[in-house]
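Analysis of the macromolecular model
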Amino acid sequence: MFRLRQTWLDLLQLLTASPPPRPPLSIAALPAELLLAVFASLADDDAAALRACTLVCSEWRALAQPRLFHEIVLSTEDMRKSIAFQQFMLASPTIRAAVRAVTVHFPDLDSWAPDRRRAANLMADVLELLPRPESLRLYGARFSDYRIKWSRLSNHLKNSIRTLLHRPSMTTLLIDGWVLDVNHPEFNTIFADASRNLTSISLLDISDGIWGVHDVPSAIPTRRLALDKLTVTNTFSKDVKFIEWLSRPESIFDLAQLTALHVVESRDDASVSLLTSLIGPSLEHLEVNISYTPQDSSIGLSTCTGLRSLSLSFGVFYTELYYSSLPWICATLDTLSPHNALSSLSLSLYITHPRNTNARVFPPPPVGRFNYDRWARLGAVLRGPKFAGLGDVRVQLVHHGIDARGYSQMAAGRMGEVGERVRWRFLRDDSPDVEDATPT
């Protein structure tokens, strides 16, 4: 009995005893995985808070600081700051390893400071030492007599760009305003050793200068780069020639499996049709920004049986008041195969011309003045059996003070039941305000 009583007493003492005091919780005790998740969230939403985290303690600084450098910009505009930043990057291997996106800004050659060569060489040093970049954007002055030309870059900078393109992590390249003044074989050489993961390329206004003047016969490359996404400009005759080159088997780029194509400032329907016919069923997303095309023309989409989304936007040359884009749209839609997969159509149209912004000189015309027969034609096209799978239709109307909602209601009424499904958006071209509404 005594042992049984003692056992109960011991058990009761254990149950009623206070737990041992816990050590105070310290932020240093938080697991690194949790901190990295928090810092990653801050990098997307609150860079200022992330910078504050680097000041908490050395442990947090080591984990948070690399997140601040996932995207870097290299420029020569402020030479002193540019050189200081590039020297910091060269001395920080941990920071370099964290870089995922690189943007290079070059002014035109005429505005470079005398020590531009040193800055360019430091820039090249940084580029070739980045171990895991995913995207590279090269920007230059488009409208200048002293544009950045590939032939005028130092070999060190050229090689550093090729090195970056060769990284297995590289997926995206944008060149905007640089002139690749090379012949066809030299153009292929730039990308000959690029990573196979480099599948998204944007080449904007790169074919100025002497492109094509010194063309020499080209052999079909033994290794071509299969692209998934391509963006090109199509404004001048040199751009048309460049697109024709991209469509040839001698080009380093293989477009046969392209899923997304974006044509900017397009003025030549035939070259766009050349691309769509080459790509064919693999093309799923097509976006064309039309600057100008002749009347009675269109883009051919008959081979694009896998096309799921089509986005067409028109410049100020096309206004529903003077020169409607709707006949062009209907003609292009008519070229689609009866067995197409189109499920989304997006249109951006000008209703009035920008010169109408002075309401005292050019009072906004009443919405009843417009010709809505073209909208009836578009509605008839979209009600056809080959557009039975089209569930998403969006129309943005760009205007300069007219009753855009009233216009959309009249247009929707002429489109029939298709008009009831359209989602309308209104944009004042002379104002930054954008309003969304659906006509009732």
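Residues numbered from 1 in each chain as written. Predicted model: local features only at pLDDT ≥ 70, side-chain atom pairs only at ≥ 80, totals over all residues. Heavy atoms only, no water.

Considering the nonpolar core
One finds F187, F253 and W375 to be the most contacted residues of the largest nonpolar core, which totals 101 residues. Those residues within four positions of W375 in sequence are excluded, and the remaining contacts are L326, L349, V395, L397, Y407, A411, R414, M415 and W424. (Core = buried A, V, L, I, M, F, W, Y, C linked by side-chain atoms within 4.5 Å. Buried < 20%, exposed > 50% of the residue type's maximum accessible area, 1.4 Å probe, protein only. Contact = heavy atoms within 4.5 Å.)

What to know about the side chain of T259
Assignment of secondary structure puts T259 in the loop between strand 8 (253–254) and strand 9 (260–266). The class for T259 is buried, based on a relative accessible area of 17%. Within the local environment of T259, its side chain forms a polar contact with the side chain of D228, the two groups lying 2.7 Å apart. Residue contacts for T259: discarding those within four places in its chain leaves D228, S282, L283, E284 and H285. (Helix = DSSP H or I, 4+ residues; strand = E, 2+ residues; numbered from the N terminus. Polar contact = N/O pair within 3.5 Å; in protein donor to acceptor, adjacent residues only side chain to side chain.)

Details of helix 11 (residues 269–279)
Buried residues of helix 11: D269, S271, V272, L275, T276 and I279, and no others. Viewed end-on, helix 11 has its buried residues packed into an arc of 170°, placing them on one side of the element. On its buried side, helix 11 packs onto strand 7 (229–233), helix 10 (237–246), strand 9, strand 10 (285–290) and helix 12 (326–334). Just beyond helix 11, the residue with positive phi is G280, at close to 70°. (Arc of directions from axis to C-beta.)

Side note on the environment of F143
Within the fold, F143 resides in the loop between strand 3 (135–139) and helix 8 (155–166). F143 gets classed as exposed once you look at its relative accessible area, which sits at 79%. For the pair formed by F143 and G177, sequence separation is 34 residues and the distance between their alpha carbons is 8.3 Å.

A look at the packing of helix 13 (residues 373–382) against helix 14 (residues 404–415)
Between two packed helices, the angle of one axis relative to the other and the distance separating the axes together describe the packing. Where helix 13 contacts helix 14, the two axes come as close as 7 Å, and the packing angle between them is 45°. Taken together, the axes of helix 13 and helix 14 are oblique relative to one another. Classified by chirality, the crossing of helix 14 by helix 13 is right-handed. Residue-level inspection shows D373, W375, A376, L378, G379 and L382 of helix 13 in contact with helix 14, the latter providing Y407, A411, R414 and M415. Residues of the contact of helix 13 with helix 14, tallied by class, amount to 7 nonpolar, 1 polar and 2 charged. (Axes fitted to C-alpha atoms, helices over the stretch in contact; angles between N-to-C directions. Parallel < 35°, antiparallel > 145°, perpendicular 65-115°, else oblique. Left-handed = near helix turned anticlockwise from the far one by under 90°. Nonpolar A, V, L, I, M, F, W, Y, C, P; charged D, E, K, R; others polar.)

Considering the confidence of the model for the protein chain
Averaged over all residues, the pLDDT of the protein chain is 82; the fraction at 70 or higher stands at 78%. Every residue in residues 436–440 scores below 50 in pLDDT, and together they form 12 contacts with partners more than four places removed in sequence or on other chains. (pLDDT = per-residue confidence, 0-100.)

Side note on the environment of L164
Summarising the element assignment, L164 is placed in helix 8. L164 has contacts with L127, L130, P133, L136 and M170, leaving out every residue within four places of it along the chain.

Some thoughts on the packing of aromatic side chains
One pass over the structure, following the stated rule, counts 17 aromatic pairs. Judged by centre distance (5.2 Å) and plane angle (15°), the ring pair of Y318 and Y323 falls under stacked. The burial state of Y318 is the same as that of Y323; both residues are buried. Members of the aromatic cluster, each reached through a chain of ring pairs, are Y292, F314, F317, Y318, Y323 and W328. (Phe/Tyr/Trp six-rings, centres within 6.5 Å; stacked < 30°, edge-to-face > 60°.)

Details of the packing of helix 12 against helix 13
Where helix 12 meets helix 13, the axes come as close as 9 Å, and the angle between the chain directions of the two elements is 15°. On the basis of the axis angle, helix 12 is roughly parallel to helix 13. Pair helix 12 / helix 13 crosses with left-handed handedness. In this structure, helix 12 uses L326, P327, I329, C330, L333 and D334 to contact helix 13, whose residues at the interface are R374, W375, R377, L378, V381 and L382. Its residues assigned to classes, the contact of helix 12 with helix 13 shows 9 nonpolar, no polar and 3 charged.

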